[in-house]
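Chain by chain, the residues:
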Amino acid sequence: MATFLYRLGRFAFRRRHYVALFWVALLTLAGVGAAGAPAAGTTSFSIPGTEAQKAFDLLEERFPGASADGATARVVFKAPAGEKMTDAENKATVTETVKELSDGSEVAAVTNPFQGGGVSQDGTIAYASVSYKVSGMELADSSRDALEGAAEDARDAGLSVEIGGDALQAMPHTGAAEIIGIGIAAVVLVITFGSLLAAGLPLLTAIIGVGIGVASITALASTLDLGSTTSTLATMIGLAVGIDYALFVVSRYRAELAEGREREEAAGRAVGTAGSAVVFAGLTVVIALVGLSVVNIPMLTKMGIAAAGTVAIAVLIALTMIPALLGYAGRRVRPAGRKSKLLGGGREKHKEGEDGEQRPNMGTRWARFVVRRPVAVLLLGVVGLGAAAVPASSLELGLPDDGSQPTSTTQRRAYDLLSEGFGPGFNGPLMVVVDAEDSDDPQTVFRQAGEDIKALDNVVTVTPAQPNKAGDTATITVVPDAKPSSVTTEELVHDIRDAGADIKADSDAEVLVTGATAMNIDVSQKLNDALVPYLILVVGLAFLLLIVVFRSILVPLKAALGFLLSVLAALGAVVAVFQWGWLSGLMGVEETGPVMSMMPIFMVGVVFGLAMDYEVFLVTRMREAYVHGETPGQAVVTGFKHGARVVTAAAVIMIAVFSGFIGSSESMVKMIGFGLAVAVFFDAFVVRMAIVPAVLALLGKKAWWLPKWLDRILPNVDVEGEGLRDLADARKDSDPDEDRELARV
């Protein structure tokens, strides 16, 4: 592989005009497609195989035209202090508002609070429900304007009015923090390279890669039913790995220049060595993201595949566009150890000691310290991560609702008003679907189901059964006495399902529980059940891949165990902030509650891929030194001498990029951004920089042990670039046409 990538790097360097034109044309094509594509819809929460989804599908079949997937809005009214909603003037205002809400071609139905029991017991709060024929993201702007206009007219009449539901669902935004993250990445790159131009190359290529990926997602959003958060998460991951992969190639290019090689040769060797690490690091990320499809949740599958596609683009750009741009830059990209004149260049980066040798850099000094005291460093790292992971034992899972929105939003204020007037469970009613098609007396079954549910604990209200036209199916609305995300409500869902099992045994009628709350509970359960199989699949595949890369058993095993430590510690930090409320003000978390149910499995997928990035980049340098004759301890020091500074810069960049998404208005994106930033910090600076060298120092030569029978059957991918030496010897005797060689490969 190193030989092929070496030739690819030289080809891209020499034929840079064609390579640059190709990527610019691809970006333009994707941009044109995105500009002409319809907007992305809401992220689908279709969960095949769950009871909630089965009930939802049954509703669409037995209640045609009911717009089960249509947008909804709750317009909540509150009377001024000392007044009631039933006062004549206030009642007239609400009646006029309901009439105004009914006007619209997309409106399916509007309920009047005074006719449908929509007034609180104390008479101060009332609500009108509006249902639409289309989904929230398909809703026309005119319908949203009419909804907000009706609410504003009621406010002008003296009432407090807020709107809940998904009819006003807005696209998530990240705010200025994302720009700050990119700015921090730029500063880190300038410090790392000592050159504005060299620092700009990774940023430029990463932005181009993300632009192609996100534009492609936007262009295909309507066709593939991609949700609004898909492109946000693809941007988050694609930007981070895009900068990192380009950083490693540029850094190796400058190192090759420092050894006296010509620029085209240096570009080829950089792609042949660092590029090999980029390919395998990218493969681990892609495996982890595509592996999310085993969970069988369409939304998660689409998010994973879209992000994986962006990562694949980042790999290809690092292998082709970076050497092409290096060709354009020429002598303006200086060898390692030299700064540009603008940044104080003209002198060597490391001052010489009394013996004339360069002083060791910080990475070298740290590696020597760890090699001398591996046990102490290992224990400190493991105990520290273990302490950070303690809060993870209290992990509670759920999905965000309007109660997790900022208090500045009308959706959150409507949620709070409904909780105040009708109880916290009113924001998450359960819909019970009774399928009595196989029953002899459906009406009796409907009545019995309602009575059995009313007898359960933690139930506030049970509405009479509403049968369909055929009379074989009915819906019953159940209002719990606890908020939707509480453990009490989850227990009630299970209690209703247990009662439904008894009804089925007596009458052959099936009782199913659905609604947003029940769907969230089923999602959490499905994700919990899928976590272990997902870990086995993804970690197993990546373990095999790393055996091929490192030609070792213990190094990949150590990598996997270190990842588990870092991800558990990161989950502990997420629980502490978003569930317990530690530092919640600093993070902009206005409402604590359960951790998003897909957070653990998504974090496992993404963090595993990123953790293996650092493992591959850092340890391949150690493996390269060991293969070239150094002792295990010396190889660890050499690996840190050449790789620690770059890996540190890459980690800081990833943390900065992920932290930028903490400012998102979307609670899911905010939580993922925080979780990934913390996980990268733990994995890069504790696991890879401390635990990994300590373990390798303790293992010595055993770290690189591989059974002979396995060594014979494994393919030799030559990540260390050993084959480049043979190629260099051959080039001394002849100078073949590299383009033709590349074509043959």
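Cut-offs used in this document
- Residues numbered from 1 in each chain as written.
- Predicted model: local features only at pLDDT ≥ 70, side-chain atom pairs only at ≥ 80, totals over all residues.
- Heavy atoms only, no water.
- Helix = DSSP H or I, 4+ residues; strand = E, 2+ residues; numbered from the N terminus.
- Buried < 20%, exposed > 50% of the residue type's maximum accessible area, 1.4 Å probe, protein only.
- Contact = heavy atoms within 4.5 Å.
- Areas by Shrake-Rupley, 256 points an atom, 1.4 Å probe, with all protein chains shown as cover.
- Axes fitted to C-alpha atoms, helices over the stretch in contact; angles between N-to-C directions.
- Parallel < 35°, antiparallel > 145°, perpendicular 65-115°, else oblique.
- Left-handed = near helix turned anticlockwise from the far one by under 90°.
- Nonpolar A, V, L, I, M, F, W, Y, C, P; charged D, E, K, R; others polar.
- Salt bridge = Lys/Arg side-chain N within 4 Å of Asp/Glu carboxyl O.
- pLDDT = per-residue confidence, 0-100.
- Pairing = 2+ DSSP bridges.

This part covers the overall build of the protein. Helix and strand counts for the protein come out as 24 helices and 11 strands. Considering the protein as a whole, with its 745 residues, one finds that 54% of them fall into the buried category. Put simply, of all contacts in the protein between residues at least 6 apart along the chain, 79% involve residues at least 24 apart. When the accessible surface of the protein is summed, it comes to about 31,400 Å², and 57% of that surface belongs to carbon and sulfur atoms.

Within the secondary structure, glycine 118 is located in the loop between strand E2 (107–110) and strand E3 (125–132). When the C-alpha atoms of glycine 118 and phenylalanine 422 are compared, they prove to be 9.1 Å apart, with 304 residues separating the residues in sequence. When near neighbours in sequence (up to four residues on either side) are disregarded, glycine 118 contacts Pro113, Ile125, Ala126, Tyr127 and Phe422.

Taken N-terminus to C-terminus, the directions of helix H1 (residues 2–14) and helix H10 (residues 298–329) make an angle of 45°; their axes are 7 Å apart at the nearest point. When the axes of H1 and H10 are compared, the pair comes out oblique. Considering how the two elements wind past one another, H1 and H10 form a crossing that is right-handed. Between H1, through Leu5, Leu8, Gly9, Ala12 and Phe13, and H10, the contact on the second element is made entirely by Leu319, Thr320, Pro323, Ala324, Leu326 and Gly327. Class assignment of the residues belonging to the contact of H1 with H10 gives a composition of 8 nonpolar, 3 polar and no charged.

Quick look at the pattern of salt bridges now. Counted under the stated rule, the structure contains 22 salt bridges. Note that arginine 14 is salt-bridged to glutamate 264, the shortest N-O span being 2.4 Å. Linking arginine 14 in helix H1 with glutamate 264 in helix H9 (residues 263–290), this pair joins segments that are 250 residues apart in sequence. Between glutamate 256 and arginine 252 there is a salt bridge, with its nearest N and O atoms 3.2 Å apart. Of this pair, glutamate 256 and arginine 252 both sit in helix H8 (residues 228–258), 4 residues apart, which is roughly one turn of the helix. Arginine 252 matches glutamate 256 in its accessibility class, with the two residues each being buried. One network of salt bridges, with partners in common, ties together Arg10, Arg14, Glu264, Glu265 and Arg269.

Considering every residue of the protein, the mean pLDDT works out to 82; 88% of them sit at 70 or more. Element-level mean pLDDT values for the protein span from 45 in helix H24 (residues 738–744) up to 94 in helix H12 (residues 374–389). Counting contacts from residues 341–357, a segment whose pLDDT is below 50, to residues more than four positions away or on other chains yields 27 contacts. This model gives residues 738–745 a pLDDT under 50, and the stretch forms 15 contacts once residues within four places in sequence are excluded.

The next thing to look at is the sheet that holds E2. Taken together, 4 strands build an open sheet; the order of strands is E2-E3-E1-E4 and the sheet is antiparallel. The outermost strands of the open sheet, each flanked by one partner alone, are E2 and strand E4 (160–165). Put simply, the sheet's adjacent strands are angled 20° from each other on average, direction ignored. In terms of strand pairing, E2 meets E3 through 3 bridges, oriented antiparallel. Following the sheet pairing, valine 110 is matched in E3 by valine 130. Strands in contact with helix H4 (residues 88–102) are strand E1 (72–78), E2 and E3; relative to E2, the strand with the most contacts, it is inclined by about 160°. Against the sheet, helix H13 (residues 410–422) engages E1, E3 and E4, with an angle of about 105° to E4.

So, on to the side chain of serine 251. The topology assignment puts serine 251 in helix H8. When near neighbours in sequence (up to four residues on either side) are disregarded, serine 251 contacts Phe193 and Val646.

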